[in-house]
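Topology and contacts: notes
Chain by chain, the residues run as shown.
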Amino acid sequence: MLENVLNLIKSHAMDAINNNPEIPEDKKAQTVETTTQAVTDGLKQNLNMSNLTNLKNMLSGGTASATSNPIVDSIKNTVINALVQKVGLSQGIASTLSSTIVPSIFSAFASKAGQANGGQGLDLGSIMSQLGSSNGDNQEGLLGALGKFLH
């Protein structure tokens, strides 16, 4: 299930990065991997019970929820920092990539959430119950639960 989340993230990152001429060819693969890891790390840091309202809003659908959500903003900053520090991209290029990739990922999550349960949307109750169900790794449980809806 977690693999579905990672594949969705990597797919969106790969498209934006490979089509960006400002990223040197020799840094594209590292940029994709770093972006994928940074988004995953950002999800793990931000998706918890105290962020339930933001999670619900983020998964409610629409571009606005994917671009103006504190979780998305936090993850965009995580991606920017990782791309600057680990890949050596300029702040401007990293910011442009993050502003393109991260909202598209969460728009895809929202779209999948809307398709879940026969079009009734994502069952946040079952997703949030996953927080404690993965051998004490709450974030892994939530990411795994999100992954169920992305296959």
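Now for a quick tour of the structure. Since this is a predicted model, take the numbers as computed values, not measurements. Throughout, a residue's number is its position along its own chain's written sequence, starting from 1. Owing to the predicted nature of the model, reporting of local features is limited to residues with pLDDT of at least 70; listing and counting of side-chain atom pairs is limited to 80 or more, with chain, interface and lining totals taken over all residues. Calculation of side-chain values draws on the structure's entire complement of heavy atoms; hydrogens and water are dropped beforehand.

**A short note on the nonpolar core**
- Core analysis: the biggest nonpolar cluster contains 30 residues, and Val39, Leu43, Ile75 and Leu97 have the highest contact counts within it.
- Taken together, the elements giving at least two residues each to this core come down to helix H1 (2-18), helix H2 (25-46), helix H5 (70-87) and helix H6 (91-119).
- Every helix listed is a DSSP run of H or I at least four residues long, and every strand listed is a run of E at least two residues long, numbered separately from the N terminus. Ranked by residues supplied to this core, first place goes to H6 with nine residues. The set of buried Ala, Val, Leu, Ile, Met, Phe, Trp, Tyr and Cys residues whose side-chain atoms join them within 4.5 Å is what this entry labels a nonpolar core. The cut-offs for exposure are 20% and 50% of the maximum accessible area for each residue type, with area from a 1.4 Å probe on protein chains only; residues under the lower value are buried, those over the upper are exposed, and the others partly exposed.

**Section: the environment of aspartate 73**
- In this fold, aspartate 73 is placed in helix H5.
- Taking the C-alpha atoms as reference points, aspartate 73 and glycine 42, 31 residues apart in sequence, are found 9.9 Å from one another.

**Things to note about the pattern of salt bridges**
- The rule for a salt bridge is simple: a side-chain nitrogen of Lys or Arg has to be within 4 Å of a carboxyl oxygen of Asp or Glu. Inspection of every chain in the model, using the stated rule, returns three salt bridges.
- The shortest N-O distance in the salt bridge between lysine 28 and glutamate 25 comes to 3.1 Å. In this pair, lysine 28 and glutamate 25 both sit in helix H2, three residues apart, roughly one turn of the helix.
- Under the relative-accessibility criterion, glutamate 25 is labelled exposed at 63%.
- The partner of lysine 76 in a salt bridge is aspartate 73, with the nearest N and O atoms 4.0 Å apart. Taken together, the residues lysine 76 and aspartate 73, both in helix H5 and three residues apart, mark about one turn of the helix.
- The exposure class of lysine 76 is buried, given its relative accessible area of 17%.
- For aspartate 73, a relative accessible area of 35% gives the class partly exposed.

**Some remarks on H5**
- Helix span, as expected, comes to 1.5 Å for every residue beyond the first. Counted at 1.5 Å a residue, the expected span for H5 with its 18 residues is 26 Å, and the 25 Å between its end C-alpha atoms agrees.
- Of the residues making up H5, those classed as buried are Ile71, Val72, Ile75, Lys76, Val79, Ile80, Ala82, Leu83 and Val87.
- Two residues or fewer after H5 comes glycine 88, characterised by a positive phi angle close to 85°.

**What about the packing of H2 against H5?**
- Interhelical geometry of H2 versus H5 gives an angle of 140° and a closest axis separation of 8 Å. Here H2 runs over H5; the crossing is right-handed. Residues Lys27, Gln30, Thr31, Thr34, Thr35, Ala38, Val39, Gly42, Leu43, Gln45 and Asn46 of H2 pack against Ile71, Ser74, Ile75, Thr78, Val79, Ala82, Leu83, Lys86 and Val87 of H5.
- Along the lines of polarity and charge, the residues of the contact of H2 with H5 split into nine nonpolar, nine polar and two charged. To define axes, lines are fitted to C-alpha atoms, for helices over the stretch in contact only, and angles between the resulting N-to-C directions are given on a 0 to 180 degree scale. Left-handed is the label given to a crossing in which the near helix is rotated counterclockwise from the far helix by less than a right angle, and right-handed is the label when the rotation is clockwise. Contact criterion: two residues are considered in contact whenever any of their non-hydrogen atoms come within 4.5 Å of each other. Residues are grouped as follows: nonpolar covers Ala, Val, Leu, Ile, Met, Phe, Trp, Tyr, Cys and Pro; charged covers Asp, Glu, Lys and Arg; every other residue, Gly included, is treated as polar.

**Describing the side chain of threonine 36**
- Along the chain, threonine 36 turns up in helix H2.
- Residue class for threonine 36 comes out buried when judged on its relative accessible area of 6%.
- The residues contacting threonine 36, other than those within four sequence positions of it, are Leu6, Ile9, Lys10 and Ala13.

So far we have only geometry, and geometry alone does not tell us how the molecule works.
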